[in-house]
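Descriptive structure summary
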Amino acid sequence: MKNILILLGMILGIGVFAMSCGDSKKMKSTETKRENETIMDSKNVKEVYFAGGCFWGTEHFFQQIRGVVATEVGYANGNVKNPTYEQVVSHTTGFAETVKVKYDPEQVDLRLLIDLYFKTIDPTSLNQQGNDRGDQYRTGIYSTDKDTEAIVKEEVTKLSKNFSKPVVVETIPLKNFYKAEDYHQDYLGKNPGGYCHIEPGLFEMAKNANPLPKAKYQKQDKKVLKEKLTAEQYKVTQENATERPFQNEYWDETREGIYVDITTGEPLFISTDKFESGCGWPSFSKPITKKLIDEKMDKSAGMVRVEVRSKTGDAHLGHVFTDGPADKGGLRYCINSASLKFIPKADMEKKGYGDYLSLLDKK
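Please read these numbers as outputs of a predicted model, since none were measured by experiment.

1. Points about the pairing of strand β3 (residues 96–103)
When you tally the buried positions in β3, you get seven out of eight residues, the bulk of the element. With eight bridges joining them, strand β2 (residues 68–76) and β3 adopt antiparallel strand pairing. What sits directly across from T71, in β3, is V101.

Now the structure itself:
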């Protein structure tokens, strides 16, 4: 089927094809592409090769998945150098139409990619997917390292148990891969109505298969906070009140640990940045990172100060002043105990703050 379409396209002329490519690029969604481009420089990007019948549809399918950062269609595991499409379809070169998939393992798991791939093929069909027949349409997952190969074999073996017929998906190392002609690259992106053996609904499924994880820390509704917090904690965090000095929970706390937003649980300050200022409130030279806080001009109470609020929870924390220790940067983050919850070092791991333990190493 695909061969007939390619022949008709050539008859219509290269010029028409080129024009359609230029126009159709505007139609393609760039949301996933923009996100993926930010990952491309990551040293963690890995690659795996999927043969799933006509590579037009297989490439478009993987382009929809969050965490896939780049794709390229080509010919894999054949016996000649630099094959052309015409040579591949002659059934004399041994190549399979294949998609090189680059992905960020921190964004998407290889096991999920394999599971999704199985939904686009009949893994028991030898040398045929949809209307396409020939050894170039065989199925396979080809790897370039031992770890990937082990996962591929394990997952295919597991998925094979769901089928009554033998699964014929190849799970072998990549022998070679040659990029296909330019007109094959991103074919369905450039030709949205083009032929594809994959059912259209699967593309939408792929878009939703690996959603962004929900934020670990989220702002709480004030009604929820009123029930959750003490009266003083609520007044301080939600109504910008200030607790009394020397009569609050953490002003003289000296144990190692982490201080989190009482409203969200998000880490804000670490004990190694806490110092005794004599003011009667917890004082810190800096937050864990300034991305966690907002600083706003405060002209209340007849004074001009800089208010400190938690960025995620939008809770009032206190104020920042420029009379802190010079050797620690000169700032004093004067924070209400009522805005914080202290997690001792011994409890950080079990309460989900294990990633922050290294910050307690004194330098």
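That shown, we press on.
2. Section: empty space enclosed by the protein
Tallied over the full model, the rule gives one cavity of 30 Å³ or more. The volume enclosed by the largest cavity comes to roughly 30 Å³. When the residues that make up the lining of the largest cavity are grouped by side-chain class, the tally is four nonpolar, four polar and one charged.

3. Looking at the side chain of E149
Structurally, the position occupied by E149 is in helix α7 (residues 146–160). With sequence-adjacent residues up to four places away left out, E149 is seen in contact with S143 and P173.

4. Observations concerning the sheet that holds strand β15 (residues 332–335)
Taking strand neighbours across the sheet as the criterion, the six strands line up as β10-β11-β15-β14-β13-β12 in an open arrangement whose pairing is antiparallel. At either end of the open sheet lies a strand with only one pairing partner, and these are β10 (274–275) and β12 (293–298). Of the pairings in the sheet, the one linking β12 to strand β13 (residues 305–310) comprises six bridges and is antiparallel in character. Bridge pairing links E295 to V308 in β13.

5. With respect to the packing of helix α6 (residues 110–118) against α7
A pair of packed helices can be characterised by two numbers: the angle between their axes and the separation between those axes. Packing of α6 against α7 leaves a shortest axis separation of 10 Å and a crossing angle of 45°. The orientation of α6 with respect to α7, classified from their angle, is oblique. Crossing handedness for the pair α6 and α7: right-handed. Residue-level contacts link L110, R111, I114, D115 and F118 of α6 to T148, I151, V152, E154, E155, V156 and L159 of α7. Considered class by class, the residues forming the contact of α6 with α7 number seven nonpolar, one polar and four charged.

6. Description of the packing of aromatic side chains
In total, this model carries 16 aromatic pairs according to the counting rule given. With a centroid separation of 5.7 Å and an interplanar angle of 80°, the aromatic rings of Y250 and Y259 are classed as edge-to-face. Relative to F284, the ring of Y259 has its centre 5.1 Å away and its plane inclined at 70°; by these criteria the two rings are edge-to-face. With Y259 in strand β8 (residues 257–261) and F284 in strand β11 (residues 283–284), the pair connects residues that are 25 residues apart, well separated along the chain. Each member of the pair, Y259 as well as F284, carries the same accessibility label: buried. An aromatic cluster of three or more residues is present, and its members are F50, F61, F62, Y117, F118 and F163.

Definitions and limits used
Sequence order sets the numbering: in each chain, residues are counted from 1 along the sequence as written. Confidence filtering applies because this is a predicted model: local features only for residues at pLDDT of at least 70, side-chain atom pairs given and counted only at 80 or more, and all residues used for totals across whole chains, interfaces and linings. Side-chain metrics in this entry use all non-hydrogen atoms of the structure; hydrogen atoms and water are not considered. With a 1.4 Å probe rolled over the protein chains alone, any residue whose accessible area is under 20% of its type maximum counts as buried; one over 50% counts as exposed, and the rest are partly exposed. Think of it this way: any DSSP run of H or I at least four residues long counts as a helix, any run of E at least two long counts as a strand, and we number them from the N terminus. A pair of strands is treated as paired once DSSP finds two or more bridges between them. Of the grid points, spaced at 1 Å and generated over the protein atoms alone, those admitting a 1.4 Å probe that cannot get out make up cavities, while open sets with protein on both sides within 12 Å along at least five of seven lines make up pockets; any residue with an atom within 4 Å of a point is treated as lining. Grid points are joined across faces, edges and corners, and a volume is the space filled by probe spheres set on the points. The nonpolar class holds Ala, Val, Leu, Ile, Met, Phe, Trp, Tyr, Cys and Pro. Asp, Glu, Lys and Arg form the charged class, and all remaining residues, Gly among them, are polar. Residue contacts follow a heavy-atom distance rule, with two residues in contact if any of their heavy atoms lie within 4.5 Å. Here an angle of 0 to 180 degrees is reported between the N-to-C directions of two axes, which are lines fitted to C-alpha atoms, with helices fitted over the stretch in contact. Oblique is the label for any angle not under 35 degrees, not over 145, and not in the 65 to 115 range, which are roughly parallel, roughly antiparallel and roughly perpendicular in turn. Two helices crossing with the near one rotated counterclockwise from the far one by less than a right angle form a left-handed crossing, whereas a clockwise rotation gives a right-handed crossing. Note on aromatic pairs: the rings of Phe, Tyr and Trp (six-membered ring only in Trp) are paired at centre separations within 6.5 Å, and the planes decide the class, stacked below 30 degrees, edge-to-face beyond 60, tilted for the rest.

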